[in-house]
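# Per-entry structural report
These are the residues of each chain, in order.
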Amino acid sequence: MEYIVKTSNLSKHFGKEVAVEGLNMNIKKGDIYGFLGPNGAGKTTTIRMLLGLMKPASGSIHIFGQDIKQHRKNILARVGSLVENPSYYPHLTAYENLEALRKIIGVPKKRIYEVVETVRLTEVADKKVKGFSLGMKQRLGIAMSLLNQPQLLILDEPMNGLDPSGIIEIRELIKRLPEEFGITVLVSSHLLSEIDQMATTVGIVTKGKMIFQDSIEAMRTLAGHTISIQVNHAEQAWRLLLAKGMKVEHENDFITLQESSNEMVAETVRLLVQANLSIYRVEEEKRSLEDIFLSMTREDSAV
Amino acid sequence: MISMMQTDFLKIKRKGFWFLTFLGPIGVVALQMVNYGVRKEYLLQQSENDWLYYLQNITAFTPLALVLGIAIFTSFMASIENETNAWKQLIALPVSKMTVYLSKFTMLACLLFISSILLMLFTLGFGVFLSFDEAIPWLELVKYSFYPYFAALPVLALQLWIATVSKNQGIPITTGIFGVIFAYSAHIIPDWMIWKWPSLMNQWDEPLINVLLGLGVGCLLYVVGMLDFTRRDVL
């Protein structure tokens, strides 16, 4: 398979401190790749290496199938990025900030109006960025990253400092990009809930190592789930099911099934009904992704 | 490269760079306005050639203004990029780091060159106003306006290097202040110190040596600074 981004055994250390170690990242075309990890896990360092801001200590990076060492300019011409806090020149207007970039990357002027429209900053385009709210600055940063019509967009913690409506807006924007413009997106975050809501593929990094990399569905499957049933006589139901050799637990009015295949649920309900027990509720309880994320990052490598 | 420079000139808008470009030469000439305003008769008695004497008076302050201007410009320019760590965005663009560095250097060199042109014009203007007896010494005028500029290029290259690679702008400002002190003490510091060169003084009494040294060492320091800049990781 052809990957847009492919790193092999990527490592980087600062002095003795290891920031990234043996990282293999694979991003497919059209993916929204959620790059997850706690603060200080090596996300930003990895992204800086992808953008050629830092040189890897060892390992290689291929973007669009080209080695970044030899084709840095070529690759960067097709990449848009927003690394950590947006960079801007506060004494210039939003328009001038974009113009400063536009001159370097050489796209037509109308592109500025397009990206300003995309992030909805048209009305304040002629105001100095100094007076912008954090959310507006963040949106300006995204506008800057879109200016060169990138095929790969790298966003590092793009939700930082945004209010809820801003978060939703940016998230919707990110979700639109692959569909409408065919852009592949790499978005990093330390918040799983964010990634969960937009990513198609997830990479989880902790202490500089990739500990999980697969589709979001695969991760959800890992989440597993249990079925809990509320009945009128929980203890009686529990004994009944135990007697049938099922793995069940009971607590207060609830009995909990460890296995949750359709047949098992159907079988359980049938048994309970036949025993004349009243079933009030049958609920599915998901182990939250948050829990898995935490247990993964805590144990270093759970999978 | 040209577009990179256009961008650099756009970035210095409203930051007082142009104001400083004008202020430097105006300040240097203004000092002589005061000098000649207060004691013109006395000064005219000091020399056989009043025009040359006037030019020498001007030149006493040109190196100070230059070295001070370089220190201010370089760290000011670096602070524009540092303010929101715009380096990381700049370097992630499809441009080489060498271009980025060259563009900064060229822009500052341009501003200082404009300053030197203005210095020449203001010097000429006030000189004509003073209506000395001698004819205008054009060659000397041009020499005294531009020789210090070329002789100051090593200082520019050094300060730019320090300013771009320092996270803490206190460092370039400190070296800048020392530079100004050295430039002020030009007559007592040894010939090899780059801060002496803009004063055009040397043991052979040949200003052209300073110009050539300035160009040569300026290029050398520029290349060293640029290579160091490209080698570094952007944080």
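Residues numbered from 1 in each chain as written. Chains lettered and ligands numbered in written order. Predicted model: local features only at pLDDT ≥ 70, side-chain atom pairs only at ≥ 80, totals over all residues. Heavy atoms only, no water.

Below, the discussion takes up helix 9 (residues 170-184) of chain B. Over its 15 residues, helix 9 of chain B extends 21 Å from the first C-alpha to the last, a length consistent with the 21 Å expected when each residue adds 1.5 Å. Of the surrounding secondary structure, the elements contacted by the buried residues of helix 9 of chain B are helix 4 (62-82) and helix 8 (153-165) of chain B. (Helix = DSSP H or I, 4+ residues; strand = E, 2+ residues; numbered from the N terminus. Expected span 1.5 Å × (residues − 1). Contact = heavy atoms within 4.5 Å.)

Moving on, we get to the pairing of strand 3 (residues 32-36) of chain A. All names here are of chain A. Buried residues dominate strand 3, accounting for five of its five residues. With burial as the criterion, each face of strand 3 is covered, one bearing Ile32, Gly34 and Leu36 and the other bearing Tyr33 and Phe35. With five bridges connecting them, strand 3 and strand 8 (residues 184-189) associate as parallel partners. Directly across from Ile32, in strand 8, lies its bridge partner Val185. (Buried < 20%, exposed > 50% of the residue type's maximum accessible area, 1.4 Å probe, protein only. Pairing = 2+ DSSP bridges.)

With that settled, the discussion passes to a nonpolar patch on the surface. Together, Ile173, Ile177, Phe178 and Ile181 of chain B make up a nonpolar patch on the protein surface, roughly 380 Å² of accessible area in all. Among the secondary structure elements, Ile177 of chain B is positioned in helix 9. (Patch = residues over 30% accessible without salt bridge, like charges linked within 9 Å, V, L, I, M, F, W, Y side chains within 5 Å. Areas by Shrake-Rupley, 256 points an atom, 1.4 Å probe, with all protein chains shown as cover. Salt bridge = Lys/Arg side-chain N within 4 Å of Asp/Glu carboxyl O.)

Applying the stated criterion across every chain, the model contains 24 salt bridges over all chains. In this structure, the salt-bridge partner of Lys12 of chain A is Asp233 of chain B, at a minimum N-O distance of 2.6 Å. With one member in each of two chains, Lys12 of chain A in strand 1 (residues 3-14) and Asp233 of chain B in the segment after helix 10 (207-231) form a pair that bridges those chains. Note on Lys12 of chain A: relative accessible area 7%, which makes it buried. For Arg14 of chain B, the salt bridge identified is with Glu96 of chain A, shortest N-O distance 2.9 Å. Linking Arg14 of chain B in the loop between helix 1 (2-11) and helix 2 (17-45) with Glu96 of chain A in helix 3 (residues 94-105), this pair reaches from one chain into another. What emerges from the salt-bridge pattern is a single network uniting Asp8, Lys11, Glu81 and Lys104 of chain B.

All names here are of chain B. Counted under the stated rule, the structure contains 21 aromatic pairs over all chains. Between Phe113 and Tyr149, the aromatic rings sit 5.3 Å apart at their centres with planes inclined by 70 degrees, giving edge-to-face as the arrangement. A residue pair is termed long-range when its members are at least 10 positions apart, and Phe113 in helix 6 (residues 97-130) and Tyr149 in helix 7 (residues 138-151) qualify at 36 residues. We classify Phe113 as partly exposed; its relative accessible area is 33%. Residue Tyr149 is classed as buried on the basis of its relative accessible area of 7%. Aromatic side chains Phe126 and Phe129 sit 5.8 Å apart centroid to centroid with 20 degrees between the ring planes, which places their arrangement in the stacked category. Here Phe129 and Phe126 lie together in helix 6, a separation of three residues that amounts to about one turn. In this structure Phe126 comes out as buried when scored by relative accessible area, which is 10%. A relative accessible area of 63% places Phe129 in the exposed class. Geometry around Phe229 places Lys97 over its ring, the cationic atom sitting 5.9 Å from the centre. (Phe/Tyr/Trp six-rings, centres within 6.5 Å; stacked < 30°, edge-to-face > 60°. Lys NZ or Arg CZ within 6 Å of the ring centre and 35° of its normal.)

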